[in-house]
Amino acid sequence: MSIDTKPPAPIASDWEIHSHQDKELVKALGLTSATMLVMGSMIGSGIFIVSAEISREVNSPALLIAAWLVTGFMTIVGALSYGELAAMMPRAGGQYVYLREALGPLWGFLYGWTLFLVIQTGTIAAVGVAFGKFLGIFVPSISSSNWILHFWKVPPIRIGPMVLGNMDVGLNTQNLVAILVVVVLSVINIFGLKTGALIQNVFTFAKVSALLGLGLLGLFIGRNAQALAANFHGNFWNNAGLSAQHAVQVGVGGPMVMVGTLTILAVAQVGSLFSADAWNNVTFTAGEVKNPSRNLPLSLALGTGVVITLYIICNFVYLNVLPLDGVANGATILQRGIKYATEDRVATAVMTQMFGAVGGLLMAAAIMLSGFGCVNGLILAGARVYYAMAKDGLFFRSVTKLHPTYKTPAVSLMVQMVWTCVLCVSGSYGQLLDYIIFAVLVFYILTILGLFVLRRTHPDAERPYRAIGYPVLPAVYIVMALFIDVVLLRYKPQYTWPGLIIVLLGIPVYYLSRQGEALPLKRSGELNG
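Nothing here was measured: the structure is a model prediction, and the numbers come from that model.

**Student:** Any chance you could break down the overall build of the protein for me, citing the residues and the numbers?
**Tutor:** Scanning the protein for helices and strands turns up 19 helices and 4 strands. Relative to the compact-globule value of 24 Å for 529 residues, the protein shows a C-alpha radius of gyration of 23 Å, a close match. Its C-alpha atoms give the protein principal-axis dimensions of about 95 × 50 × 45 Å. With 529 residues in all, the protein has 60% of them scored as buried. Surface accessibility of the protein: about 20900 Å² in total, with carbon and sulfur atoms responsible for 67%. In the protein, which carries 31 positive and 22 negative side-chain charges, the distance between the mean positions of the two groups comes to 4 Å.

**Student:** Hey, could you go over a nonpolar patch on the surface for me, with residue numbers and the actual values?
**Tutor:** Taken together, L212, L216, F220, I221 and F355 make up a surface patch of nonpolar side chains, about 530 Å² in accessible area. Among the elements that make up the nonpolar patch, the one with the highest residue count is helix α8 (residues 193–220) (3 residues). Among the structural elements, F355 can be located in helix α14 (residues 346–355).

**Student:** Would you mind going over the packing of helix α3 (residues 51–58) against helix α10 (residues 261–275) in detail, with residue names and values included?
**Tutor:** Relative to each other, α3 and α10 sit at 170°, their axes nearing to 9 Å. Here α3 lies roughly antiparallel to α10, going by the angle between them. Between α3 and α10, the contacting residues are I54, E57 and V58 on the first element and I264, V267, A268 and S272 on the second. The residue inventory of the contact of α3 with α10, partitioned by class, reads 5 nonpolar, 1 polar and 1 charged.

**Student:** An account of the confidence of the model for the protein is requested, with residue identities and associated values reported.
**Tutor:** In regions of low pLDDT, the predicted coordinates are not meant to be interpreted in detail. Overall, the prediction assigns the protein a mean pLDDT of 88, with 92% of residues at 70 or greater. Confidence drops under pLDDT 50 across residues 1–14; counting only partners more than four residues distant or on other chains, this segment forms 8 contacts. Taken together, the stretch residues 518–529 has pLDDT below 50 and engages in 28 contacts with residues farther than four places along the chain or on a different chain.

**Student:** Describe helix α18 (residues 472–491), naming the residues involved and giving the relevant values.
**Tutor:** Taking 1.5 Å as the rise per residue, α18 with 20 residues should run 28 Å; its terminal C-alpha atoms sit 29 Å apart, in good agreement. Check the buried side of α18 and you find it contacts α4 (61–88), β3 (246–249), β4 (256–259), α10, α17 (429–457) and α19 (493–514).

**Student:** For the environment of V282, give the residues involved together with the corresponding values.
**Tutor:** Examined against the element boundaries, V282 turns out to sit in helix α11 (residues 281–284). Note: C-alpha distance between V282 and L402 (120 residues apart in sequence) is 19 Å. The contacts of V282, once residues within four sequence positions are left out, are A34, L37, V38, L296, S299 and L300.

**Student:** Could you give me a rundown of the packing of aromatic side chains, with the residues and numbers involved?
**Tutor:** Any two aromatic rings considered together are summarised by their centre-to-centre distance and by the angle between their planes. On inspection of all chains with the given rule, the structure shows 21 aromatic pairs. An angle of 80° between the planes, with centres 6.2 Å apart, marks the rings of Y82 and Y98 as edge-to-face. With Y82 in helix α4 and Y98 in helix α5 (residues 95–103), the pair connects residues that are 16 residues apart, well separated along the chain. Each member of the pair, Y82 together with Y98, is buried. A ring pair is formed by F232 and F236, whose centres lie 5.6 Å apart and whose planes are at 10°; its orientation type is stacked. A relative accessible area of 25% places F232 in the partly exposed class. Among the residues examined, F236 registers a relative accessible area of 16% and is labelled buried. Among the aromatic residues, those joined into a ring-pair cluster are F116, Y386, F395, F396 and W419. Positioned over the ring face of Y470 is R455, at 3.8 Å from the centre of the ring.

The rules behind each value
- Residues numbered from 1 in each chain as written.
- Predicted model: local features only at pLDDT ≥ 70, side-chain atom pairs only at ≥ 80, totals over all residues.
- Heavy atoms only, no water.
- Helix = DSSP H or I, 4+ residues; strand = E, 2+ residues; numbered from the N terminus.
- Rg over C-alpha atoms; globule rule 2.2 N^0.38 Å.
- Buried < 20%, exposed > 50% of the residue type's maximum accessible area, 1.4 Å probe, protein only.
- Areas by Shrake-Rupley, 256 points an atom, 1.4 Å probe, with all protein chains shown as cover.
- Lys, Arg positive; Asp, Glu negative; His and termini not counted.
- Charge placed at Lys NZ, Arg CZ, Asp CG, Glu CD.
- Patch = residues over 30% accessible without salt bridge, like charges linked within 9 Å, V, L, I, M, F, W, Y side chains within 5 Å.
- Salt bridge = Lys/Arg side-chain N within 4 Å of Asp/Glu carboxyl O.
- Axes fitted to C-alpha atoms, helices over the stretch in contact; angles between N-to-C directions.
- Parallel < 35°, antiparallel > 145°, perpendicular 65-115°, else oblique.
- Contact = heavy atoms within 4.5 Å.
- Nonpolar A, V, L, I, M, F, W, Y, C, P; charged D, E, K, R; others polar.
- pLDDT = per-residue confidence, 0-100.
- Expected span 1.5 Å × (residues − 1).
- Phe/Tyr/Trp six-rings, centres within 6.5 Å; stacked < 30°, edge-to-face > 60°.
- Lys NZ or Arg CZ within 6 Å of the ring centre and 35° of its normal.

This is the structure in structure tokens:
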């Protein structure tokens, strides 16, 4: 019996184990599909609605545009910073992986926990229900008040500045449509990444074309003399000076206080940042992107750049067609203005003002296309995060299973689908979405902070792309995002504290799940040397 005298193989470091390209997934996303995923995940229904709320908050045409410019700057800087991380670690799970590698597995878990519980699934549910809401314009029987099974009306529960509850639990025709959309797209995405990507490309092209069409029509055909006079002729900079004071209500039913221009712009970011969010979803699919070191940074830069440009153009269109100011009980679209557009549907009001009832129907159809494509992108991307977490032992083990033929994370897609359908029936997704923008910003701050950490802890790691403007632009992003979060904590506690609580609840869950067993991961570098 001979003894093998060869030295044992060296143990790979944690960094080497977890920073490789996933081998079992099929690389099927090229630059075009990756860019379409960025744009399609960003464009939902927000751009067509939230400008009404922002207008009521800032009370100035210039500050309405400024709110979107701030969002655009932060989104593009964030995307450029993520490009470096994506090129370094082109793995399924994206942002989850970056947080895990830079700050440790707890931070990765907290992000994945919040993503599954609220961010991804809540957004899918909300956009799906919005699809049903606009389908109801064409099919009146589809309505939130047309109940199939009504279980319970949860009474409003006041906790300090927050109002919890106050929603109906059950199945109505509107959320049934949302459930059907979620189920159909989740199943379709099992049948190969190329199938899901094809749907994404078609619907993203359609909604980008619709946004571009709205921009061109509004700028060159639909200009309204009354709106131009009210918004531009000496009035554009009204209430926009740094010394101007703006009224904001603290919490739900709280006191009205006066704040400065920078503070009100931070408050207004709730709507615009949420409308521009989900650009990071392409990083979740990094294990399936061809030539990821090139295509991931490029898709992030191109996708965010195009969408932010379209968003700013759309807001100029709103100002060209409707006066910013208005009255809540105005008899006409012009009298209601942007501030008080019916149900905040600013884009629908603009199209109706330009082309009558047909214009409103066209916009409703465009928003349905937008929502359908957005749901598909969110479903496709989100499932990759839970798959990556399960591979690391931080999610249900069965979620690691790929479809034997199509090599897609089929179990992950189904788990995500079930929880999203529960949220649709619970009626709580709207409140959950109110709560997440604070948490989303916290994780963006931590991830970009991770860029600085990895530059220090892994200076020699391969970086095919380096963040443009580092360290200045990422540092500016962190400062701006921190300022917004602090302002929201102070003036919009109903949005912030519940989101923070949801994140913090993940800490005991993490440690309970680890109790009695060694962590499957150690913080990057702990096995080195």
